[in-house]
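An overview of the molecular structure
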Amino acid sequence: MHIQTDSPTYTIPSGDHVVTMRNRKRMDLTSVKSIDRFDHEEFLVRTSQGLLQIRGEELRIVHLDVDKGLLTLEGTVGLIQYDENESESRNFLHKLFG
């Protein structure tokens, strides 16, 4: 990834998944495929790198561009975590009940 250090803007190569957080109050995400669930305390975001869980307080969507896979959230972020086993467990449940 090429990051230009003399300017506050940078170029993200197409397809890269990047998470940027500012003071735990604002998050920008790229390569977002879908938002599976959300409320003011939790977001489950499907990204090119897996399912991302974001927990906090007063979370809300500020910007969403589905075509470009961009998402901006505001609120107080307390936890961000990727679910490494999400695809395996979902496939198992889908085969069992699907």
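Numbering of residues starts from 1 in every chain and runs along the sequence as written. Owing to the predicted nature of the model, reporting of local features is limited to residues with pLDDT of at least 70; listing and counting of side-chain atom pairs is limited to 80 or more, with chain, interface and lining totals taken over all residues. Water and hydrogen atoms play no part in the side-chain values, which are based on all heavy atoms of the structure.

Points about a nonpolar patch on the surface
Put simply, the rule reads: Nonpolar side chains (Val, Leu, Ile, Met, Phe, Trp, Tyr) are joined into patches within 5 Å and like charges within 9 Å, using only residues with over 30% relative accessible area and no salt bridge. Shrake-Rupley sampling with a 1.4 Å probe provides the accessible areas, and residues are treated as covered by the protein chains on show and by no other component. The term salt bridge refers to a side-chain nitrogen of Lys or Arg lying within 4 Å of a carboxyl oxygen of Asp or Glu. To qualify as a helix, a DSSP run of H or I must reach at least 4 residues; to qualify as a strand, a run of E must reach at least 2; elements of each kind are numbered from the N terminus.
A contiguous nonpolar patch, built from Val19, Met21, Ile80 and Tyr82 and spanning about 290 Å² of accessible area, is present on the exposed surface. If you list the elements that add at least two residues to the nonpolar patch, you get strand S1 (19–22) and strand S6 (70–83). With respect to the helices and strands, the residue Val19 is situated in strand S1.

Focus on the packing of aromatic side chains
Our working definition: For this analysis, a ring pair means two rings from Phe, Tyr or Trp (six-membered ring only for Trp) whose centres lie within 6.5 Å, classed as stacked if their planes differ by under 30 degrees, edge-to-face if by over 60, and tilted for the remaining angles. Between buried and exposed lies partly exposed: a residue is buried under 20% and exposed over 50% of the maximum accessible area for its type, with that area taken using a 1.4 Å probe on protein chains only.
Under the definition given, this model contains one aromatic pair. Between Phe38 and Phe43, the ring centres sit 5.3 Å apart and the planes meet at 25°, which makes this aromatic pair stacked. In this structure Phe43 comes out as buried when scored by relative accessible area, which is 0%.

Here's the deal with a negative patch on the surface
Rules: Note on charges: Lys and Arg go in the positive column, Asp and Glu in the negative column, and His and the chain ends are not counted at all. Note on charges: their place is set at NZ of Lys, CZ of Arg, CG of Asp or CD of Glu.
A contiguous patch of negative charge, built from Asp39, Glu41, Glu57 and Glu58, is present on the exposed surface. Residue placement: Glu58 occurs in strand S5 (residues 50–65).

With respect to unusual backbone geometry
The backbone of Arg24 shows a phi angle near 55°, a positive value even though the residue is not glycine. A residue is classified by how much of its surface remains accessible, and Arg24, at 47% relative accessible area, is partly exposed. If you check the backbone angles, Ser31 has positive phi at about 60° while not being a glycine. By the element assignment, Ser31 lies in the loop between strand S2 (26–29) and strand S3 (32–38). The exposure class of Ser31 is buried, given its relative accessible area of 17%.

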